[in-house]
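Spelled out from the first residue to the last, the chains are:
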Amino acid sequence: MPLKVKLNTIMKIIGFQLLLPSSLAFATIVLSFLSMALSKSIAKIAMSDLLALFALPMIVLATFPGVLIGSDEAFAFVVRACVCFFVALLALGFIQRGDRRSYESFFVGVIFVAVLNSLVVITTAIIPDVYEALNIRKFSGFDKHVRAFRSPGLFRGFDTSGYFMIFAILSVPVALRSKRYSNLIKTTIMFSLIVGVLLSSRSSMLILSVLLFITPFVYGRALTFTQRALCFAVSFCVGLVGLVLISAIFDLALPISWTILVQELIPVEIDEIYGVTQAEYYQHYSFSSFTIVPDRTSFLPDNFYLRSAISSGVLSMFAITIHIIYLLGGSILCYRGMYRWFAILISLVFFVANLKNNYMLFLPFYMIIITIFACRPKWGWGGNSDFKV
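Residues numbered from 1 in each chain as written. Predicted model: local features only at pLDDT ≥ 70, side-chain atom pairs only at ≥ 80, totals over all residues. Heavy atoms only, no water.

Asker: So what about the overall build of the chain? Which residues, and what values?
Answerer: Broken down by element type, the chain carries 18 helices and 0 strands. Considering the chain as a whole, with its 389 residues, one finds that 53% of them fall into the buried category. In the chain, the share of contacts with a sequence separation of at least 24, taken over all contacts with a separation of at least 6, comes to 72%. About 17400 Å² of surface is accessible on the chain, with carbon and sulfur atoms providing 69% of the total. (Helix = DSSP H or I, 4+ residues; strand = E, 2+ residues; numbered from the N terminus. Buried < 20%, exposed > 50% of the residue type's maximum accessible area, 1.4 Å probe, protein only. Contact = heavy atoms within 4.5 Å. Areas by Shrake-Rupley, 256 points an atom, 1.4 Å probe, with all protein chains shown as cover.)

Right, dumping it as structure tokens:
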């Protein structure tokens, strides 16, 4: 029993560390996994795990043409692939397949730092001067200005903060299953995370509205009536507000009463919160810039698919995408019941998020994906109770 407690504590600490800047997070995650060596031996890595590891050196080779032409972004992809390789090697070597307690402990850590981030988001979005007074940008590396009713919290970007909190919302029903977490605690956590997402970015807001509508159906009895009602109510309201915010950029024709309602709720001009024009959005989705071979260009779109293809070549883009599909697809096939739905929803959010930004080999999100993959039950197991406890 003491050994189990120690391993679970380490997994919680690893979840906590995803809030740190990437370089520091990598160092502390490696040290956390190595500390497991004092408690247990390295697990035998299965062939399916070796295939996942083998893909990362292939990504480096596929990306190398971009490095040769002097693309800084291609070099960044190579560095990310190397970091992810070592993290994946440690995760697959030390996390035992089917260990539900390690799985839940990791996501308890994720939820804890997400709630901490949501509190910072809420506070600094309402009072932006607090962000500057605490000099949070020195910790996060955020290089833009915090706006009224919009904050990145402790992360480097608005979208990153929002997507991370969405992952935490989805993990609440699967991670906080113990009786020590009352329904009031879980509802309070979900509410604080939802508010945090609303004050982060438009894309995460719209994704959240769809997920909150789906969640009561896929998680079933894991949610109380109050939690389901909260999901449906927030889904409707967030979807409505999100449409109005999007219309400010893309000139969508919406009923005037909806626009007036949102303007009453938000006491500042929408342009002051989201300073992005329609032309700037379209620039990031211009497929005329798509290239088969790497192209050293002055402008790189934010979304992963075009950014990777332009800077590193289409082969690199496919190599990275296939690797992530392998990890998430393998997880979906092995899990059952609520855990399978959790893996499916994480997959959907992750791939949609990459349509907006470059997250494929982003360490905090990759750590979530590789942990889900490493903890998966063996093929052919049945329901939610198949984890080792």
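Asker: Account for the packing of helix H5 (residues 100-126) against helix H18 (residues 363-374), with residues named and values stated.
Answerer: Two elements in contact, H5 and H18, have axes separated by 10 Å at closest approach and are oriented at 165°. Judged by the angle between their axes, H5 and H18 are roughly antiparallel. The two elements H5 and H18 cross, and the hand of that crossing is left-handed. Across the interface between the two elements, Tyr-103, Phe-106 and Phe-107 from H5 touch Met-367, Ile-368, Thr-371 and Ile-372 from H18. Partitioned by chemical class, the residues of the contact of H5 with H18 number 6 nonpolar, 1 polar and no charged. (Axes fitted to C-alpha atoms, helices over the stretch in contact; angles between N-to-C directions. Parallel < 35°, antiparallel > 145°, perpendicular 65-115°, else oblique. Left-handed = near helix turned anticlockwise from the far one by under 90°. Nonpolar A, V, L, I, M, F, W, Y, C, P; charged D, E, K, R; others polar.)

Asker: An account of the pattern of salt bridges is needed here, citing residue identities and associated values.
Answerer: Using the criterion set out here, one finds 5 salt bridges in the structure. Across the pair Glu-104 and Arg-100 runs a salt bridge, and its minimum N-O distance is 3.7 Å. Of this pair, Glu-104 and Arg-100 both sit in helix H5, separated by 4 residues, roughly a single helical turn. Among the residues examined, Arg-100 registers a relative accessible area of 19% and is labelled buried. Ionic pairing is found between Lys-356 and Asp-159, a salt bridge with its closest N-O pair at 2.9 Å. Of this pair, Lys-356 sits in the loop between helix H17 (337-353) and H18 while Asp-159 sits in helix H8 (residues 158-175), and the two are 197 residues apart along the sequence. Of the two residues, Lys-356 and Asp-159, both sit in the buried class. (Salt bridge = Lys/Arg side-chain N within 4 Å of Asp/Glu carboxyl O.)

Asker: Would you mind going over the environment of Arg-376 in detail, with residue names and values included?
Answerer: Here Arg-376 shows up in the segment after H18. Remark: the alpha-carbon pair of Arg-376 and Leu-333, spanning 43 residues in sequence, is separated by 9.2 Å. Residue contacts for Arg-376: discarding those within four places in its chain leaves Ser-48, Asp-49, Arg-97, Gly-98, Gly-330, Cys-334 and Tyr-335. Looking at Arg-376, its side chain comes within polar contact range of the side chain of Asp-49, at 3.0 Å. (Polar contact = N/O pair within 3.5 Å; in protein donor to acceptor, adjacent residues only side chain to side chain.)

Asker: Which residues make up unusual backbone geometry, and what are the values?
Answerer: Non-glycine residue Asn-135 carries a positive phi angle of around 55°. Assignment of secondary structure puts Asn-135 in the loop between helix H6 (128-133) and helix H7 (137-140). Using a relative accessible area of 38% as the deciding quantity, one classes Asn-135 as partly exposed.

Asker: A description of the side chain of Glu-73 should follow, citing residues and the corresponding values.
Answerer: Within the secondary structure, Glu-73 sits in helix H4 (residues 72-94). At 2.9 Å, the side chain of Glu-73 forms a polar contact with the side chain of Arg-307. In contact with Glu-73, other than residues within four places in its own chain, are Leu-300, Arg-307, Ser-311 and Asn-358.

Asker: Describe in detail the packing of aromatic side chains, supporting the description with residues and values.
Answerer: Tallying each qualifying case throughout the model produces 20 aromatic pairs. Summarising the aromatic geometry, the rings of Tyr-103 and Phe-342 are spaced 6.5 Å apart at their centres and angled 80° between planes, so their arrangement reads as edge-to-face. Of this pair, Tyr-103 sits in helix H5 while Phe-342 sits in helix H17, placing them 239 residues apart in sequence. For the residue pair Tyr-103 and Phe-342, the accessibility class agrees, reading buried in each case. (Phe/Tyr/Trp six-rings, centres within 6.5 Å; stacked < 30°, edge-to-face > 60°.)

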